[in-house]
Structures are given as C-alpha cells and as structure tokens.
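Here is how the chains run, residue by residue.
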Amino acid sequence: MTHSNFAGFGLADTLVRSLADAGFTKPTPIQEKAIPAQMAGRDLLGIAQTGSGKTAAFSLPILTALMKREGKRASRSVGALILAPTRELAVQINDMIRTYVGRGHLSSVLVLGGMSRQSQINKLARGADVVVATPGRLADLLDERKLRLDLTQHLVLDEADRMLDMGFIAPIRKIASACAQDRQTVMFSATMPPEIAKLAASLLNDPVRVEVAPQGTTVDAIEQKIILSGSKLKRSVLNGLLEDEGLSRVIVFARTKHGADKVAKGLDLDGHKVAAIHGNKSQNARQSALRSFRDGHVRLLVATDIAARGIDVPDISHVINYDLPDEAENYVHRIGRTGRNGATGLAISLVDGSELKKLRDVEKLIRKTLPRSGSLPEGAGTETAGAGAPSRRRPGNGQKRPVSGRRRDASADAPVFGEKADRPSGQPNRHHPASGKGPNRNGARKPRWSTARKQNAAGRRGKRSGAA
Ligand code: AMP
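So, a few notes on the structure that sits alongside this text. (Residues numbered from 1 in each chain as written. Predicted model: local features only at pLDDT ≥ 70, side-chain atom pairs only at ≥ 80, totals over all residues. Heavy atoms only, no water.)

**What to know about the overall build of the protein chain**
No. 1: Within the protein chain, the regular secondary structure consists of 16 helices and 14 strands.
No. 2: With 468 residues in all, the protein chain has 56% of them scored as buried.
No. 3: At a minimum sequence separation of 6, the contacts of the protein chain that also span at least 24 residues come to 73%.
No. 4: With the model as given, the accessible surface of the protein chain reaches about 19,800 Å², and the carbon-plus-sulfur share is 49%. (Helix = DSSP H or I, 4+ residues; strand = E, 2+ residues; numbered from the N terminus. Buried < 20%, exposed > 50% of the residue type's maximum accessible area, 1.4 Å probe, protein only. Contact = heavy atoms within 4.5 Å. Areas by Shrake-Rupley, 256 points an atom, 1.4 Å probe, with all protein chains shown as cover.)

Written out as structure tokens, the structure reads:
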C-alpha cells in the first residue's frame, strides 16, 4: 500500500497538521515504507541514506503512540529513547521532534555528554516522554539511577553503523537490556556491515526490513569527482576550487582533528571565512560554528567525520574531501551532506598517492569508478587523470575554471585548478603554485604558509570567523 500523503497513515492529527505546516506534503520513500510497519507495532531495520527523511519516519509513529497514552509518567521514567552517535545529530533529532509535536503535550529531553549533567538530571527526575541521547552519557546516568528504562516502550538506534565505529556497542547493549522487554525497537543505519547485522539480530524482534537504496550506493543527485594531487599541493588545489563562487556552501572534510584545524587555519590565512567543527571543540563552539555555517555567515565549514555526522544544513552545494576517510562507509555519509531533499550536489575528493587504496575501497563500496582529473607527483602512484590523459598541470596560460557545480562535464582530463580566464581584477592568483606571485614562486611546489600569511594579513583582519 502506498500513501500519497501523511493523513492515510493513522498518525495523530496534531502531527499531520505540523507536517503540513512544515510543508511536508508527500512522504519520502523511507517514510512510506517505515511508518506503516511501525504503526502496526513491528520492529524495524531501516537502511537509509542521510537526507532520506528517516528521522520523521521513525519518530512520527512513536509520537503518535505516546500521544495516545494516558496517565502521568512515573518519575525518572522514559517513554521513548532515541540514541544517536553525536551531539549534533541528537540536537537535530530533538529539534525535529519538537517541530512535529508543535503545541502537543509531550516532553522531550536531551541527554548529551559535554553539557551540564545537573540540568539533564533535573529534567529526567520528572520523567520524560522522549529522551534523545548519546549513548555514553545515557549509560552513565543509567548507572547512577538518574533515570529508569524499564517502562521504555520505544527504543531507536539512529545511525547504528556510526555508533559501532565510535565504540558505543557496549553501552548500547546495556541500555537496550534495561528497556522494557516488550518494547518496539527501530534501528537505522546507512550501511550494514556484519557487526551491525549481528547487533540487529540480537536487539530486534522479527523486524521489517526497509531499504531505500542498495547498501553503499550514493544519492544519484550527487556528482562525484576525484582530483589527484600531491599531498602538499592540496591546499593550493582547494584554493583554486574555492575561487568559483558556484561553491556557495561547502563542507571540507578532514580525516583528523589536527588535520581539520590545519586546513581551517590555512583557509583562514588564505582569506576565506571559515568555521571548524571537530571533537576537540567544546559543545558551544561546535554549535556556534554550525550556526554560522547554517546562517550563511561563513561559506566554509571544515569538519571531521565524527563532528559532521548527521548535520542537516540545507543547500550545501559541495562536499570537498580534503582527505579520504579511513572507513569507506564514511565517504557515503560525507557526500550525503550535499544533494539533500532532491537538490543536486557535487562531491570532490582530493586524493594523494597514499590514499589510492582508500579510493579503491570507496569505489568498491559504491560500485562506481569515479572520474579523475589532476595527477600525482612522479613516483607517488601509478594513477593519472584517466584514460590516456595524464593532465600534468602546465603553469600559467590556458588554464580554465576550476571544477564546480556549474561546470559538470566531468571530463577526465579537466584542469585541476588555475587562473580563472575571467579573473575580474586582472590580478594573478596568488595561491596558484605557478602564478609567480604566490607561495610557490621560484618554482617551489610546496605552499609556504608564512608567505601566505603575510600576503593575507590585511584581508584576514576582520574576516576571521573565530570558530576555526
Ligand atoms: P533526515 O533524513 O531525517 O535527516 O531528513 C532530511 C531532511 O528532510 C530534513 O530537513 C527533514 O526536515 C526533511 N524531510 C523529512 N521528511 C520530509 C518530507 N516528507 N517532505 C519534505 N521534507 C522532508
């Protein structure tokens, strides 16, 4: 049975009204499949990509059940528990739930590490209809008996594969076993590695399995490209790409926290407005970085995988992988930040010689060979810019626009970056290694940050975002 609108699912009227107010007229494919199964009381195993509408899919049936329930909630008890891998995702889920509940009478409490314990404990003391939590803090408070889960009839594990990567399996098992035996359990994951299948088998009771796209496939609307580059040239490549204003809202992924800081610092020195988000930042700094990115105050957000997980910022035009992730699955998550809600998006990965194996792993997972441009320094690897087109960059003239969302020909031998033919000021690109003006004059192939710093000192003043 398919539903062309939300009214046919038997959801609470309040929720259907809120959905209409939010402009959600048509259920997404995952919602079409998951909502009826959950409304029928079944456990659910959902394999869905980011941006598929999975949050509404799992929360609407639960909210309907909670709204129908009568009587007061016992102190310290929890009606529905939703576990998410990161604080950002938990905050986002909670925000969505609040939107759906609207003026309805349901309480929701966030339980997150890195935030005041006492205010969470105080809220839990009264009992909560919904708790959205990261597993570590929740397990701690459970140990300390600040909440009880024996009356919890709904348990959701969102982005389960990510929770596995983050080492949350032990707390998850402990939390699940503290929930009511006859609870409904829902698990969502973008990928289904064997450990997740095992966890699902142990926690879910005869689940309905819903999948909106085969495992590991990437959203079709996202165009993907590889730029081969020596590792030391990546900064220049990135600068070249960013000259194109078509890259209007960009997440730049780095593999490590240190790497993210370094990339953000380089971008800042090069005169870009940038915010950074990673696990070493305080929760407040993470939220404010995210806010300035979401509100358009900064065009660039540099992020690590963990911090970026679940970020739902509309209209991200490009995802740039400054490094490829260690786990191929994370590539799918990263690029899923763009191309959301049916929009188009472009994902560009800068790949150096040490990352060719990771690139092969990604291509195996997504079952696609990605178009390449650029080239690697001699001896760094055997790959070049595609069939018979090694495309070594030639300095200076004739270089065209960088790859961008506006230029989607994906030709294998496209120039990596360079002077824009239509550079408005007529100034050379000082970040271009071959410009003769910039960090790489004298033929040095390595960007010299100290030079860039001097050159950008003036432009930098007043431009610094503070978050990076
Ligand atoms: P999610 O996959 O849950 O992170 O959702 C991705 C985005 O889709 C969020 O911004 C939701 O608010 C939005 N969304 C969810 N369901 C619908 C729908 N039926 N129609 C339009 N947008 C939706």
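Let's pick the thread back up.
**What about the side chain of Glu-355?**
No. 1: Looking at where Glu-355 falls in the secondary structure, it is placed in the loop between β13 (345-351) and α15 (356-366).
No. 2: Contacts of Glu-355, omitting those with residues within four sequence positions, involve Lys-234, Asp-323, Leu-324 and Leu-350.

**Quick look at the site of the ligand**
No. 1: By nearness alone, 15 residues border the ligand, and Lys-26, Gln-31, Gly-53, Thr-55 and Asp-312 come closest of all.
No. 2: A distance of 2.8 Å is found between an oxygen atom of the ligand and a backbone nitrogen or oxygen belonging to Gly-53.
No. 3: Lys-54 places a polar main-chain atom, nitrogen or oxygen, 3.3 Å from an oxygen atom of the ligand.
No. 4: Relative to its unbound accessible area of 500 Å², the ligand is 84% covered by the protein chains.
No. 5: When its residues are assigned to classes, the shell around the ligand shows four nonpolar, seven polar and four charged.
No. 6: Counting residues domain by domain, the shell around the ligand receives three or more from each of domain 1 (6-211) and domain 2 (222-374). (Near = heavy atom within 4 Å. Polar contact = N/O pair within 3.5 Å; in protein donor to acceptor, adjacent residues only side chain to side chain. Nonpolar A, V, L, I, M, F, W, Y, C, P; charged D, E, K, R; others polar. Domains from an automatic or database assignment.)

**Some details on the packing of helix α3 (residues 54-68) against helix α4 (residues 87-101)**
Helices that pack against each other are described as a pair by the angle of their axes relative to one another and the distance between those axes.
No. 1: With their axes 10 Å apart at the nearest point, α3 and α4 run at an angle of 50 degrees to one another. In terms of their interaxial angle, α3 and α4 are classed as oblique. Note on packing geometry: the crossing formed by α3 with α4 is right-handed. Between α3, through Thr-55, Ala-56, Phe-58, Ser-59, Leu-60, Leu-63 and Met-67, and α4, the contact on the second element is made entirely by Ile-93, Met-96, Ile-97, Tyr-100 and Val-101.
No. 2: Counted by class, the contact of α3 with α4 contains 10 nonpolar, two polar and no charged residues. (Axes fitted to C-alpha atoms, helices over the stretch in contact; angles between N-to-C directions. Parallel < 35°, antiparallel > 145°, perpendicular 65-115°, else oblique. Left-handed = near helix turned anticlockwise from the far one by under 90°.)

**Here we look at helix α5 (residues 117-125)**
No. 1: Turning to α5, its buried residues number three or more, namely Gln-120, Ile-121 and Leu-124. With its buried residues spanning 100 degrees around the axis, α5 presents them on a single face.
No. 2: Residues of α5 that are buried make contact with β3 (108-111), β4 (128-133) and α6 (135-143).
No. 3: Capping of α5 at its N-terminal end is provided by Ser-116; its side-chain oxygen lies 3.4 Å from the backbone amide nitrogen of Gln-118.
No. 4: Positive backbone phi, approximately 90 degrees, marks Gly-127, located one or two places after α5. (Arc of directions from axis to C-beta.)

**Describing the nonpolar core**
No. 1: Leu-60, Leu-63, Ile-82, Ile-93, Ile-97 and Phe-188 are the most contacted members of the largest nonpolar core, which has 37 residues in total.
No. 2: Those elements giving two or more residues to this core turn out to be α1 (13-21), α2 (29-39), α3, β2 (78-83), α4, β4 and β6 (184-189).
No. 3: With residues near it in sequence (within four places) discarded, Ile-93 still touches Thr-55, Phe-58, Ile-82, Ala-84, Val-132 and Asp-158.
No. 4: One finds Val-78, Phe-168, Cys-179 and Ala-200 within the second-largest nonpolar core, a separate group that totals 36 residues. (Core = buried A, V, L, I, M, F, W, Y, C linked by side-chain atoms within 4.5 Å.)

**Some thoughts on the packing of aromatic side chains**
No. 1: Tallied over the full model, the rule gives three aromatic pairs.
No. 2: When the ring centre of Tyr-322 is taken as origin, the NZ or CZ atom of Lys-234, which lies over that ring, is 5.8 Å away. (Phe/Tyr/Trp six-rings, centres within 6.5 Å; stacked < 30°, edge-to-face > 60°. Lys NZ or Arg CZ within 6 Å of the ring centre and 35° of its normal.)

**Section: the sheet that holds strand β14 (residues 372-374)**
No. 1: Judged by pairing direction, the sheet is parallel, and its seven strands sit side by side in the order β10-β11-β9-β12-β13-β8-β14 without closing on themselves. Of all the strands in the sheet, the pair left with one neighbour each is β10 (274-277) and β14. Across the sheet, the axes of successive neighbouring strands diverge by a mean angle of 20 degrees, strand direction being ignored.
No. 2: With three bridges connecting them, strand β8 (residues 222-228) and β14 associate as parallel partners. (Pairing = 2+ DSSP bridges.)

**Focus: the pairing of β10**
No. 1: Covered by surrounding structure in β10 are Val-274 and Ala-276 together with Ala-275 and Ile-277, the residues of both alternating faces.
No. 2: Sheet topology note: the β10/strand β11 (residues 300-303) ladder contains four bridges and is parallel. The partner of Ala-275 across the bridge, within β11, is Leu-301.
No. 3: Since β10 and β11 lie parallel, the crossover through helix α12 (residues 283-294) that links them has a hand, and here it is right-handed. (Right-handed = clockwise from strand over helix to strand, strands pointing away.)

**With respect to the sheet that holds strand β7 (residues 208-211)**
No. 1: The parallel open sheet is built from seven strands, whose spatial order is β3-β4-β2-β5-β6-β1-β7. Each edge of the sheet is formed by a strand with only one pairing partner; in this case those strands are β3 and β7. The average undirected angle you get between the axes of adjacent strands in this sheet is 15 degrees.
No. 2: Two strands pair when backbone bridges link them, and strand β1 (residues 44-47) and β6 are joined in this way by four bridges, in the parallel orientation. In the strand pairing of β6, Leu-45 is matched with Met-187.

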